[in-house]
Amino acid sequence: MKRTISGLHHITAIAGDPQRNHDFYTGILGLRMVKKTVNFDDPQTYHLYFGDEVGTPGTLLTFFPWPGVKQGRNGAGMASETGYSVPKGSLDFWKRRFENHNVRHNGIDERFGEKFLSFQDPDGLWLSLVEANHTDKRKAYETSEISPDAAIKGFHSVTLTLKSIRETADVLTSVFGYQLMEQERGLYRYKTDAVENAAFVDLLESPGAPKGINAGGTVHHVAFRVKNEKEQMAFREKVLEKGLYATEKIDRDYFFSVYFREPGGVLFEIATDNPGFLTDETMEELGSALQLPDRYEAIRDRIEKLLPELNASKKSHAH
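Residues numbered from 1 in each chain as written. Predicted model: local features only at pLDDT ≥ 70, side-chain atom pairs only at ≥ 80, totals over all residues. Heavy atoms only, no water.

### What to know about the overall build of the protein
When you go through the protein residue by residue, the secondary structure sums to 6 helices and 16 strands. Scaling as 2.2 N^0.38, a compact globule of 319 residues should have a C-alpha radius of gyration of about 20 Å, and the protein matches this with 19 Å. Across its three principal directions, the C-alpha atoms of the protein cover 50 × 45 × 35 Å. Scored against the burial criterion, the 319 residues of the protein give a buried share of 57%. Only carbon and sulfur atoms are counted for the fraction: they give 49% of the accessible area of the protein, which is about 13600 Å². Separation of charge centres in the protein, based on 40 positive and 46 negative side chains, amounts to 3 Å. (Helix = DSSP H or I, 4+ residues; strand = E, 2+ residues; numbered from the N terminus. Rg over C-alpha atoms; globule rule 2.2 N^0.38 Å. Buried < 20%, exposed > 50% of the residue type's maximum accessible area, 1.4 Å probe, protein only. Areas by Shrake-Rupley, 256 points an atom, 1.4 Å probe, with all protein chains shown as cover. Lys, Arg positive; Asp, Glu negative; His and termini not counted. Charge placed at Lys NZ, Arg CZ, Asp CG, Glu CD.)

Printed below as a string of structure tokens:
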């Protein structure tokens, strides 16, 4: 049986101030903060998850906010733009909204026959809103300021900037089961048939691009989605067969992770659907309290004192 990856699971980026990060993604973009936890390898840093109502894989943009972090730079070996799917006809609404809230953005443009609007978050992370050609039936999270006919559905695509796409494309096709769909100038679109949404990876070939600097306002890693650990281990085997190093399976409480660096330099993760975000909070409670992995519960008081203050009710506008 040919195994095909089920699109994007989550994308993790680096931010500066956690309150500013929270207010932008919940207040301006209208996403739900579905989990407030810590970086399991650095528990005095938050790990914040923003997505749809329940944190469905394929909707999750997550952040390590390090106050005072130095500014990173997009470049070769980086995931340089995260694309979100929005309803057709909504980009004018978003452009006005960005103008009203002083969000840095470009004009509405088109690629692969789809209209898109690229913009930057307060840390300089590049994102885009895309009016997808296909009908995206996912239910968006609604807020008082953003109606269903404009609200973000989840991921559409991720763009990787590479000096050469050859080896990265080989990983996408021969390991993950993606197929080359189309090409426009130096941009190559790959798609998985396993899912309808969050299915695209765009490779931008830029031989002269300087190497990216992974710090504030850049993507740390791109996580691809699998159903369970059995599938994950099968994909891990395929990565190893390519001669690439892959980590063991790591328990991240809400999913299991395997990491590897693809030949172009981008850190990839293979993440499971199970067990999901409802293991320690109800759907109503998601994102409302600091959740810690068991190994840190004994030092919760110390961790809470070290973490910057984060007022999660502020500016979220959600109902």
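### Remarks on the confidence of the model for the protein
Keep in mind that low pLDDT regions are not for reading the predicted coordinates in detail. Of the residues in the protein, 97% reach a pLDDT of 70 or more, and the chain-wide mean stands at 95. In this model residues 315–319 is a low-confidence stretch, pLDDT under 50, and it forms 16 contacts with partners more than four residues away in sequence or in other chains. (pLDDT = per-residue confidence, 0-100. Contact = heavy atoms within 4.5 Å.)

### As for the nonpolar core
Judged by nonpolar contacts, the single largest core of 69 residues is most densely connected at Phe176 and Val222. Non-local contacts of Phe176, meaning those with residues more than four positions away in its chain, are made with Arg3, Thr4, Ile5, Val171, Phe224, Phe235, Phe260, Phe268 and Ile270. (Core = buried A, V, L, I, M, F, W, Y, C linked by side-chain atoms within 4.5 Å.)

### Overview of helix 4 (residues 229–241)
Helix length check: helix 4, at 13 residues, gives a terminal C-alpha distance of 18 Å against a target of 18 Å (1.5 Å per residue), a fit within 8%. Among the residues making up helix 4, those that are buried are Glu231, Gln232, Phe235, Arg236 and Val239. Within helix 4, the buried residues cover an arc of 140 degrees as seen down the axis, which keeps them to one side. For helix 4, the exposed residues lying more than 90 degrees away from the buried face are Lys230 and Glu241. Check the buried side of helix 4 and you find it contacts helix 3 (166–175), strand 13 (219–226), strand 15 (255–261) and strand 16 (267–275). Backbone nitrogen of Lys230 and a side-chain oxygen of the N-cap are separated by 3.2 Å at the start of helix 4; the cap is Asn228. (Expected span 1.5 Å × (residues − 1). Arc of directions from axis to C-beta. Polar contact = N/O pair within 3.5 Å; in protein donor to acceptor, adjacent residues only side chain to side chain.)

### Structural notes on the sheet that holds strand 2 (residues 32–39)
With mixed pairing, 8 strands are arranged side by side in an open sheet as 2-3-4-1-13-16-15-14. Both outer strands of the open sheet, strand 2 and strand 14 (250–251), are each paired with one neighbouring strand and no more. Of the strand pairs in this sheet, strand 15 and strand 16 are connected by 6 bridges, and their pairing is antiparallel. Within strand 16, the residue paired with Phe260 across the bridge is Phe268. Contacting strand 1 (8–15), strand 2, strand 3 (42–51) and strand 4 (60–65), helix 1 (residues 18–28) crosses the sheet at an angle of about 10 degrees to strand 3. (Pairing = 2+ DSSP bridges. Axes fitted to C-alpha atoms, helices over the stretch in contact; angles between N-to-C directions.)

### Things to note about the pattern of salt bridges
In the structure shown here, the tally under the stated rule is 19 salt bridges. The salt bridge involving Asp280 is made with Lys35; its shortest N-O contact spans 2.6 Å. Remark: Lys35 occurs in strand 2 and Asp280 occurs in the loop between strand 16 and helix 5 (294–297); sequence separation between them is 245 residues. The exposure class assigned to Lys35 is buried, which follows from its relative accessible area of 0%. The closest approach of N and O atoms between Arg252 and Asp41, which form a salt bridge, is 3.6 Å. Here Arg252, found in the loop between strand 14 and strand 15, pairs with Asp41, found in the loop between strand 2 and strand 3; they are 211 residues apart in sequence, far enough to count as distant. With relative accessibility at 13%, the residue Arg252 sits in the buried group. Among the residues examined, Asp41 registers a relative accessible area of 61% and is labelled exposed. By sharing partners, the salt bridges in this structure join Lys35, Asp280 and Glu281 into a single network. (Salt bridge = Lys/Arg side-chain N within 4 Å of Asp/Glu carboxyl O.)

### Here we look at the environment of Gly7
In this structure, Gly7 sits in the segment before strand 1. Exposure remark for Gly7: the relative accessible area of 0% places this residue in the buried category. If sequence neighbours within four positions are ignored, Gly7 has contacts with Tyr178, Thr192, Val195, Ala198, Phe224 and Arg225.

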